[in-house]
Every structure is written in C-alpha cells, then in structure tokens.
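Commentary on secondary and tertiary structure
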Amino acid sequence: MSTPASPAAPPRRRRILIYLSGAVIAAALLAAGAVVATPAGRGRLAEWLSSGPSSRAEAPAEEGGSATESEGPKLLQLSRQARENLGLAVAPVRVGTYTRTLTVPGVLTDRPGVTDRGVTSPAVGTVVTVFAFPGETVPPGGKLFSVRLFSEYLQQSQKELFQAVRDRQINKPALERARRLEQSAAGTRARTEELEGVESRLEATIAAQYHDLLTRGLTPEQIAGIVRGRFVSTVDVFAPPAEGEEAEDAAVDVDPLAAVVAATEEAAAGGQGAAADDEGEPAGDGILFEVQSLAVELGQQVQAGQLLATLADHRSLFIEGHAFKREAAVLARAAERNWPVEVEFAEDEAADWPPLDQTFRIRHLANMIDPESRTFDFFVPLENQSRTYERDGETFTLWRFRPGQRVRLQVPIEEYEGVVTLPSEAVVREGPEAFVFQQNGDLFRRLGVRVLHEDRTRTVIADDGSVPKTAYLAQGSAATLNRVLKAQEAGGEMPGVHVHADGTVHAAH
C-alpha cells in the first residue's frame, strides 16, 4: 500500500536549495576577498579591470603605440647581491654628439726612408773588424766596421793631397819673395803672376782632394793625419748621425785650406802624436739604432758603395690601413677634415707601458689599388715607445709596437647630434622593439627606445622623450634583465609594487 506524497514536500526542497546557493555564493565571495588581499591578486584584478577587450583593441588605433606600451610599465626587482653578481653599473643619461665610425683592419709597417737605414762601404777593401751585431744597439756616429783599404783611387787621392800641401809650402815663400822684389823694382811682374798661378792651382787641388776624401768616409781628423804624412790604410765605418745633426752638418761650409793650414801648423808645432783616428763621444740625445741585419762577413772583400748592414730606428712607424674602393670617399673626407682616428692594437700589454698620449690622424691615402686584394692603403703616423736593458756590457732595446703587428682602426664618417650613446650591452632587442632599463633603487623599469645606429661596442638611441633626462640607465646586462623580467611575468609576480585604484603601478611605500 503506497503512501501519497505530502503536499508540503516541494516547498521544503526549495528552501534547502536556496540555503545551499547562498552558502556557495558566500564561499566564492570569501575566496575572492582572500585573493584580492594579496598584492599579486590586486595587481591582476587591477589589470583585468583596466584593460578590457574594448580598451585593448582601441589602444593601438588611438595612441599609435605598440602592444608593449599598452600593457603598462614593466618592472623587476634585483637585490644588491644580484646586481653585484651581474657586475651591473648604472649611469645618468647624457645627451651629446656621437661620431659614427668605419672599422678598417690595418698593420704596423716601417716608414720608408725613416725607419731603416743602410750602411755602405766607402771604398774597396776587406772587412777586418765588426763592432756591432744583429740585435745590438749603437748610438748615432757609433763605430760599426773597420775596412782595410785596397782602393788605388783612394791611395792616389791621399798622395795627391799630401803632395799639394807640400808644394804649397814650398811655393808660398817663393811667392812672397817675388812680391817683395817686385815692389823694390828688383823683380818682374811676370814672375809674380807665375807663382800666383801655381798657388791657385795648388789650393784648388787641396780643396778637391779634401772634399773627395770626406765623401769617401774619412773623418777630418784622418785627413789632418794625411796632411801630416800619416796615410790611412784602414777606414772605420760609423752609424749615420741623427736627423738634426745630419742637417746641421750639411749646412756647415768646410774650409779645406783652413783645415790644412791648422793641420800643418800643428805638425810644425810638434803635434804629431795626436791620433789620426781619434773620435769623440757619439751624440744623439739618447737615440739608438738597432742593428737589424749584417750583409757581410768578417774577412769579406767589399766594393765601394756595397751594403754592409741595415740599421733600424723604430721610433716612428706607420699604421697602414687596408680599405675597399667603395670606402675611399669617407676616408678622404676624414683626411680632409682632419678627424681623429681611434686605433686598437692587437696583443698590446698596455699595463706595462706609459699611457699612449697621441692623436691619430690620416696622413695620406694611396692612389693605387692592390690588384690581388682589391684594397687600397692609407697611412697614419705612430710614435713608438721603448725601453732598454743591459746585458754583458751591451745595450738592448725593447719596442712596444713592432712592424707586422695587427691593428683595428675606427675612422669617423658621420656625426649624430643630440643623441644618447650607450654600451651595446645596455640595449636588448625583441624583434623590432629595443629596450633599456631605468634604475630606481632595487627596481628596474624597462623602457622602449628608438635605435639610430649600433656597432660592436656602442648603440645610439634617439632623444625623443622615451627616456627621462634625469634617468639612470643600466650600462650592461640588458639581455639578462629582460630574461628575468619575462620569468617574473610568467609567474604573475610584481615584486615590491602596489596598484592604485586608478590602475597605476608604484613602488611599495
């Protein structure tokens, strides 16, 4: 027997359902309140409220900005230890002028006619002594070789000079006597003129032979010894004088007759004991030539003008840059405007040397193109640095820069005015976007910027208001900071900040 349903059952079920619905709603409200109570929850709620579908769709059209800008500021927090681990440095924004450069490879070379100097034999002879060997140094005017003379021409020149000096010593008293007789009417004018002609020919012979012996490498002291009758059988070969001394010697007008008279008077006064090959202290004001190579051996016979040795003076070198023809215009402009060139030296231990206080500028450009490499050269002067040390009584020189050393030149080609220049590591790219990071305490804010130019070491950004004038920007590790920021966004974290009711984000007070 079935029992009929009670009429009061449906209202009771409705009341139970109403009570259950209210409990679910209350639990949901409590859960939402707990989420909003956290900083991250408030941030997500504010972001959701401030960026609905309509605002996201209209932001690019109304503001002309990118999606990155519409998402609001990007912040990350780094502790002091993290900044130290990254070696992160910051610096204030500086607006100025940046010079765009062209990177050109180069090499150090000798300066033709300046760096290397050849030493030749003054006459035919045999090398009997070598005083300096490769690697050693000699001052200007220092002794290099002794050559025993086999030259008949040189022996004949010595003989003719000696004979002319003796004939003049005989002719001069006769001329003076003829002039006295002519004045007393006891002599004739013809005899006086004859002796005057002999005197003129002898003076010409003395002058000619004196200069000839000088050009053959004999010193004035050795020629003075020839006048005294001490013929030279061995001639010493010396290092060339310094540039200033050489020019000074060339400007001096040597009077052969005065030198011969002084030598003969010294001989008459008993000065025969003076050595004919005495030499003074070599000058040069600290300049040293390095013996780069010897072209002869001991005991080898040499001819007049034959190369004996090559000396090197590496005080002045050339930086030889190798550029392509299409770069000729910008290089010519840099040379014409006298713009300074930056030089990076490969394998240079700068800490071991004094600071290189030089301004490098292009001296000249070559007017020929290498047919093999299809490049042309340009040249920049370089003043070298050196130091010396003593070993076994000999002096050796160490040069900072050596021919053959590789360099990299930065030639200015364009100037940007009113821009911000940063290290390349201070800017990070994401597709077409570029970002820098502004520091505010422990917080770093990512800012979008417009890049005008970038190279291996520098990035130039426009001063268009995207970076505040008073900002401090990170000078490196931008890629690392960007990765940390992305990881933070993926976790939904905004450390150290809070969201105001208007949707703006600020650092925690």
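Structure: above.
The structure contained in this document is the topic of the report that follows. (Residues numbered from 1 in each chain as written. Predicted model: local features only at pLDDT ≥ 70, side-chain atom pairs only at ≥ 80, totals over all residues. Heavy atoms only, no water.)

A word on the packing of helix α6 (residues 152-183) against helix α7 (residues 189-215)
The packing of two helices is summarised by the inter-axis angle and the distance between the axes. Cut-off, in case you're wondering: Under this scheme, a helix contributes an axis fitted over its contacting stretch, all axes are lines through C-alpha atoms, and angles between N-to-C directions fall in the 0 to 180 degree range. Helix numbers and strand numbers start at the N terminus; a helix is a DSSP run of H or I with at least 4 residues, a strand a run of E with at least 2. An angle below 35 degrees is treated as roughly parallel, one above 145 as roughly antiparallel, one from 65 to 115 as roughly perpendicular, and anything else as oblique. It is the rotation of the near helix from the far one that decides the hand of a crossing: anticlockwise by less than a right angle makes it left-handed, clockwise makes it right-handed. Residues are grouped as follows: nonpolar covers Ala, Val, Leu, Ile, Met, Phe, Trp, Tyr, Cys and Pro; charged covers Asp, Glu, Lys and Arg; every other residue, Gly included, is treated as polar.
Two elements in contact, α6 and α7, have axes whose closest approach is 8 Å; the angle formed by their N-to-C orientations is 155°. Looking at the two axes, α6 sits roughly antiparallel to α7. Our pair here, α6 against α7, has a crossing hand that is left-handed. When its residues are assigned to classes, the contact of α6 with α7 shows 14 nonpolar, six polar and twelve charged.

Here's the deal with the nonpolar core
For clarity, the cut-off: Take the buried Ala, Val, Leu, Ile, Met, Phe, Trp, Tyr and Cys residues and link them wherever side-chain atoms come within 4.5 Å; each set so joined is a nonpolar core. Relative accessibility decides the category of a residue: with a 1.4 Å probe and only protein chains considered, values under 20% of the type maximum give buried, values over 50% give exposed, and everything between is partly exposed. Residues are treated as being in contact if the distance between any of their heavy atoms lies within 4.5 Å.
If you look at the biggest cluster of nonpolar residues, it comprises 36 residues, and the most contacted ones within it are Leu144, Phe145, Leu161, Leu213, Leu218 and Leu311. Discounting residues that sit within four places of it in the chain, Leu144 has contacts with Val119, Thr129, Val130, Phe131, Ala132, Val138, Val237, Phe238, Ala239 and Leu311. One finds Leu102, Leu317, Ile362 and Phe376 within the second-largest nonpolar core, a separate group that totals 25 residues.

Quick word on the packing of α7 against helix α8 (residues 220-227)
The N-to-C vectors of α7 and α8 enclose an angle of 135°; their axes lie 10 Å apart at closest approach. With respect to their mutual orientation, α7 and α8 come out oblique. As α7 runs across α8, the sense of the crossing is right-handed. Together, Tyr210, Leu213 and Leu214 of α7 and Pro220, Ile223 and Ile226 of α8 make up the contact between the two elements. A class-by-class count of the residues in the contact of α7 with α8 yields six nonpolar, no polar and no charged.

A closer look at the side chain of Thr375
Rules: In protein, a polar contact means a hydrogen-donor-capable atom and an acceptor-capable atom, both N or O and within 3.5 Å, with residues adjacent in sequence counting only if both atoms are side-chain atoms; elsewhere, any N or O pair within 3.5 Å suffices.
With respect to the secondary-structure elements, Thr375 resides in strand β16 (residues 375-383). With relative accessibility at 12%, the residue Thr375 sits in the buried group. Of the polar contacts made by the side chain of Thr375, one reaches the side chain of Ser373; its length is 2.8 Å. Setting aside anything within four residues of it in sequence, one finds Thr375 in contact with His322, Ala323, Phe324, Met368, Ile369 and Asp370.

A word on α7
Along an α-helix, a turn takes 3.6 residues, which lines up residues three or four apart on a common side. Going by this rule: Here the expected span of a helix is defined as 1.5 Å times the quantity of residues minus one.
In this model, α7 (27 residues) spans 39 Å end to end at C-alpha, consistent with the 39 Å of a helix rising 1.5 Å per residue. Taken as a whole, α7 has its buried residues at Thr192, Leu195, Glu199, Leu202, Ile206, Gln209, Tyr210, Asp212 and Leu213. Immediately downstream of α7, the backbone of Gly217 shows phi near 100°, a positive value.

Comments concerning the pairing of strand β4 (residues 116-120)
If a strand is regular, its side chains alternate between the two faces of the sheet. We count it as follows: A pair of strands counts as paired when DSSP detects no fewer than two bridges linking them.
Along β4, the buried face is formed by Arg117 and Val119; none of Asp116, Gly118 and Thr120, which line the opposite face, is buried. Judged from the five bridges that link them, β4 and strand β11 (residues 307-312) form a sheet pairing that is antiparallel. Bridge assignment links Thr120 to a residue of β11, and that residue is Leu307.

Structural notes on the environment of Ala366
By secondary structure assignment, the location of Ala366 is in the loop between β15 (364-365) and β16. Taking the C-alpha atoms as reference, Ala366 lies 8.1 Å from Phe379; in sequence the two are 13 residues apart. Other than its neighbours up to four places away in sequence, Ala366 contacts Phe376, Asp377 and Phe379.

Section: the sheet that holds strand β10 (residues 301-302)
One open sheet holds the four strands; their spatial order is β8-β7-β5-β10, and the pairing between them is antiparallel. On the outer flanks of this sheet lie β8 (234-238) and β10, each paired with one strand and no other. Taken together, the five bridges between strand β5 (residues 125-130) and strand β7 (residues 143-149) define a ladder with antiparallel strand orientation. The residue bridging Thr129 from the neighbouring strand is Ser146, located in β7.

Re the pattern of salt bridges
Stated precisely, the cut-off is as follows: Throughout this description, the term salt bridge denotes a Lys or Arg side-chain nitrogen within 4 Å of a carboxyl oxygen of Asp or Glu.
Scanning the model with the defined rule gives 18 salt bridges in all. For the salt bridge of Glu196 with Arg189, the shortest nitrogen-to-oxygen distance reads 3.8 Å. A residue is classified by how much of its surface remains accessible, and Glu196, at 24% relative accessible area, is partly exposed. One salt bridge in this structure joins Arg315 and Asp313, with 2.6 Å as the shortest N-O distance.

A look at the packing of aromatic side chains
Definition in use: Between rings of Phe, Tyr and Trp, where Trp is taken as its six-membered ring, a pair exists when centres lie within 6.5 Å; planes separated by under 30 degrees are stacked, by over 60 edge-to-face, and by other angles tilted. As a reminder, the over-ring test applies to NZ of lysine and CZ of arginine, requiring each to be within 6 Å of the ring centre and within 35 degrees of the ring normal.
Here the structure, examined in full by the defined rule, presents six aromatic pairs. When the ring of Phe162 is compared with that of Phe231, the centres are 5.9 Å apart and the planes differ by 70°; the resulting orientation is edge-to-face. Taken as a pair, Phe162 in helix α6 and Phe231 in the loop between α8 and β8 lie far apart in primary sequence, 69 residues in all. Judged by its relative accessible area of 38%, Phe231 falls in the partly exposed class. The aromatic ring of Phe435 is capped on one face by Arg446, whose charged end is 4.0 Å from the ring centroid.

Comments concerning α8
Along α8, six of the eight residues are buried, which leaves the element largely enclosed by surrounding structure. For α8, every residue scored as buried is listed here: Gln222, Ile223, Ala224, Gly225, Ile226 and Val227.

As for empty space enclosed by the protein
As a reminder of what qualifies: The definitions used throughout rest on a 1 Å grid laid over the protein atoms alone, on which a cavity is an enclosed set of points accommodating a 1.4 Å probe that cannot get out and a pocket is an open set flanked by protein within 12 Å on both sides along at least five of seven lines; lining residues are those having an atom within 4 Å of a point. Grid points are joined across faces, edges and corners, and a volume is the space filled by probe spheres set on the points.
A full pass over the atoms with the stated rule returns one cavity of 30 Å³ or more. There is about 50 Å³ of room inside the largest cavity. Val93, Val420, Ile461, Ala462, Asp463, Asp464, Gly465, Ser466, Val467, Pro468 and Lys469 together form the lining of the largest cavity. Among the residues forming the lining of the largest cavity, the class breakdown is six nonpolar, two polar and three charged.

Things to note about the sheet that holds β11
Taken in spatial order, the four strands make up an open sheet running β4-β11-β9-β6, and their pairing is antiparallel. Both edges of this open sheet fall to β4 and β6 (137-138), since each of them pairs with a single strand only. Where β6 lies against strand β9 (residues 289-294), two bridges are found, and the strand directions are antiparallel. If you follow Val138 over to β9, its bridge partner there is Phe289.

Purely geometric numbers; function is a separate question.
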